[in-house]
Amino acid sequence: MMKKKTVRPENLRSINMSLVLSHVLSAEQPPSRAQVAGDIGLTRATASKLGDELVEGGILEEVTPPPTQRPGRPAQVLLGSRQIIGLGLDIGVESQRAVAVNLQGEQVASAVSTTDLRKSDALEELPALTALVTEVCEQLPPTSRIAGLTISVPGLVDAASGTLLDAPNLGWHDVNICDEVASHLPKSGLCERIPHPRIGNEANLASIPVAYRAPGAPSPFNDFAYLSGGIGVGAAMVSKHKVITGEHGWAGEIGHLTVDPHGIPCRCGSNGCLERYIGGEALETALAPGNEEELEQSATALGIALATVINLLDVSTVVLGGGITGLYERTQDTVSAVIEKRAMAARRHPIQIVSASAGEEASALGAAYFALEPVIKNPAEFLTPAN
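1. Structural notes on the side chain of E61
Part 1: Tracing the sequence through the fold places E61 in strand β1 (residues 60-63).
Part 2: For E61, a relative accessible area of 18% corresponds to the buried category.
Part 3: Polar side-chain contacts of E61 include one of 2.8 Å to the backbone nitrogen of R82.
Part 4: Of the polar contacts made by the side chain of E61, one reaches the side chain of Q104; its length is 3.5 Å.

2. Examining the nonpolar core
Part 1: The biggest cluster of nonpolar side chains holds 37 residues, and the ones touching the most others in it are L87, I91, L126, L164, W172, I177 and I194.
Part 2: Of all the elements in the fold, those that place two or more residues in this core are β3 (84-91), β4 (96-102), β5 (107-113), α4 (122-138), β6 (145-153), β8 (163-167), β9 (172-175) and α5 (177-184).
Part 3: Tallying contributions element by element places α4 first for this core, with 7 residues.
Part 4: Setting aside residues up to four positions removed in sequence, L164 forms contacts with V153, G155, L156, V157, L170, W172, H173, D174, V175, I177 and I199.
Part 5: If you look at the next biggest cluster of nonpolar residues, it comprises 34 residues, including I254, V318, V338 and I339.

3. A look at the sheet that holds β3
Part 1: With mixed pairing, 5 strands are arranged side by side in an open sheet as β5-β4-β3-β6-β10. The outermost strands of the open sheet, each flanked by one partner alone, are β5 and β10 (198-201). Pairs of neighbouring strands in the sheet enclose a mean axial angle of 20°, with direction left out of account.
Part 2: Where α5 meets the sheet, it contacts β3, β6 and β10, and its direction lies at approximately 130° from that of β6.
Part 3: The strands that helix α12 (residues 362-377) touches are β3, β4, β5, β6 and β10; relative to β3, the one it contacts most, it runs at about 140°.

4. Notes on the packing of helix α2 (residues 33-40) against helix α3 (residues 44-56)
Part 1: Remark: α2 packs on α3, axes separated minimally by 8 Å, with the N-to-C direction vectors making an angle of 125°. Relative to α3, the element α2 is oriented oblique. Crossing handedness for the pair α2 and α3: right-handed. Together, R33, A34 and A37 of α2 and R44, A47, S48, G51, D52 and V55 of α3 make up the contact between the two elements.

5. Concerning the pattern of salt bridges
Opposite charge on two side chains allows them to pair when their charged atoms are near.
Part 1: If you walk through the whole model with that rule in mind, you get 15 salt bridges.
Part 2: Residue R213 is joined to E28 by a salt bridge in which the shortest nitrogen-to-oxygen separation is 3.9 Å. On the criterion of sequence distance, the pair formed by R213 in strand β11 (residues 212-214) and E28 in the loop between α1 (9-26) and α2 is long-range, its members being 185 residues apart.
Part 3: Here E28 falls in the exposed class, since its relative accessible area comes to 65%.
Part 4: One salt bridge in this structure joins R97 and E361, with 3.7 Å as the shortest N-O distance.

6. Looking at the environment of S113
Part 1: Here S113 lies in strand β5.
Part 2: On a C-alpha basis, the gap between S113 and P218 in space is 30 Å, while along the polypeptide they are 105 residues apart.
Part 3: Not counting residues up to four positions away in its chain, the partners in contact with S113 are S95, Q96 and L132.
Part 4: Engagement of the side chain of S113 in a polar contact is seen with the side chain of T115, the distance being 2.9 Å.

7. Regarding the packing of helix α10 (residues 292-313) against helix α11 (residues 324-342)
Part 1: In contact at an axis separation of 7 Å, α10 and α11 are set at 60° when each is read in the N-to-C sense. Relative to α11, the element α10 is oriented oblique. Considering the relative orientation of α10 and α11, their crossing is right-handed. Within the contact between the two elements, α10 uses L295, E296, S298, A299, T300, L302, G303, I304, L306, A307, I310 and N311 and α11 uses I324, L327, Y328, R330, T331, T334, V335, V338, I339 and R342.
Part 2: The residue makeup of the contact of α10 with α11, split by class, is 13 nonpolar, 6 polar and 3 charged.

8. Re α4
Part 1: The end-to-end C-alpha distance of α4 is 24 Å, a good match for the 24 Å that 17 residues give at a rise of 1.5 Å each.
Part 2: Along α4, the residues that are buried comprise A122, L126, L129, T130, L132, V133, T134, V136 and C137.
Part 3: Its buried side turned inward, α4 meets β3, β4, β5, β6, β9 and α5.
Part 4: You can read the cap of α4 off the contacts: a side-chain oxygen lies 2.9 Å from the backbone nitrogen of L123, and it is on D121.

9. Description of α5
Part 1: Taken together, the buried positions of α5 are occupied by I177, C178, V181 and A182. Down the axis of α5, the sector holding all buried residues measures 130°, keeping them to one side.

10. Focus on the environment of R267
Part 1: Mapped onto the fold, R267 is located in the loop between β15 (242-244) and α8 (275-278).
Part 2: Residue class for R267 comes out partly exposed when judged on its relative accessible area of 42%.
Part 3: Put simply, R267 and N169 are 98 residues apart on the chain and 9.0 Å apart in space, counted from C-alpha to C-alpha.

How each quantity is defined
- Residues numbered from 1 in each chain as written.
- Predicted model: local features only at pLDDT ≥ 70, side-chain atom pairs only at ≥ 80, totals over all residues.
- Heavy atoms only, no water.
- Helix = DSSP H or I, 4+ residues; strand = E, 2+ residues; numbered from the N terminus.
- Buried < 20%, exposed > 50% of the residue type's maximum accessible area, 1.4 Å probe, protein only.
- Polar contact = N/O pair within 3.5 Å; in protein donor to acceptor, adjacent residues only side chain to side chain.
- Core = buried A, V, L, I, M, F, W, Y, C linked by side-chain atoms within 4.5 Å.
- Contact = heavy atoms within 4.5 Å.
- Pairing = 2+ DSSP bridges.
- Axes fitted to C-alpha atoms, helices over the stretch in contact; angles between N-to-C directions.
- Parallel < 35°, antiparallel > 145°, perpendicular 65-115°, else oblique.
- Left-handed = near helix turned anticlockwise from the far one by under 90°.
- Salt bridge = Lys/Arg side-chain N within 4 Å of Asp/Glu carboxyl O.
- Nonpolar A, V, L, I, M, F, W, Y, C, P; charged D, E, K, R; others polar.
- Expected span 1.5 Å × (residues − 1).
- Arc of directions from axis to C-beta.

What follows is the structure in structure tokens.
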């Protein structure tokens, strides 16, 4: 006979506190304590007590809404704290960006570099890239509380160790970027309070601002495939607002999906990889005036890749980011025709193809959102020491 699992009072408090915070962050309009209690099934007394702890602990803010025509004073409502900050550092091949996002989803600071990192030395470049994080921290109020720093990279990662395993377009291999960045952060000011960085694949992180309209606030996009195009091509598969990373965290390496086994040689050693048709270098040629043959090749390759994703994952929505959006806008009829021919679901259900709204900031923003996840999942651990 299996023993019944019991929940300790301190664990129940932590679970309920996370429920309260998650509900406040996901609400379309800031809710009152009474609304939170009714929506998530807690008593008013419990919701009010937890709300007090989250406000006093600096994770929620309490504000008075504008006056209404109704009699009486409106109840105070709860919002995520502007003082809780997530940091994202996106190490792109041609540009790099650091951003700071607060728990209300506002981007409050940023710093950008346009260094071409192709075939560079990681250990030589990382001090300057870390300086972008320092620059962002210097723009923040000294009362800010840094929840975390996530580093976005265009390649395979080992998240557990913080290592970039393989990034062919950078020429970086087996680099513990998290340890390196941590070692170069100043031991003073806000930088001194940054938890040890985490690492993620750029396409996976770029999909987060599509799945969430703000940290902890799910968007209408629930199940979708995300394709991002820069120098390389990456993809993320999202189900129920969660990125599917696969057994080793490497899912989504669509840039090396074969679209023509006898096609253009790829630097990975294969032939006819998708990246050779819709990666940055290929698109620069295909989108130039007069290159109609190359444009048709790129459009067909994109259509084949999207049809493959649709067949494999049974998604009705595909979100495009980076340079791929320009290709699709120019060749929508060709791409749609290929999908219609090759994707079985497209013959019975409409396929929605949309462009990501975050633009060049997508990966950095997603990284910052991801840096705030520990607070949302376990806010009890982030209450100020007085609590």
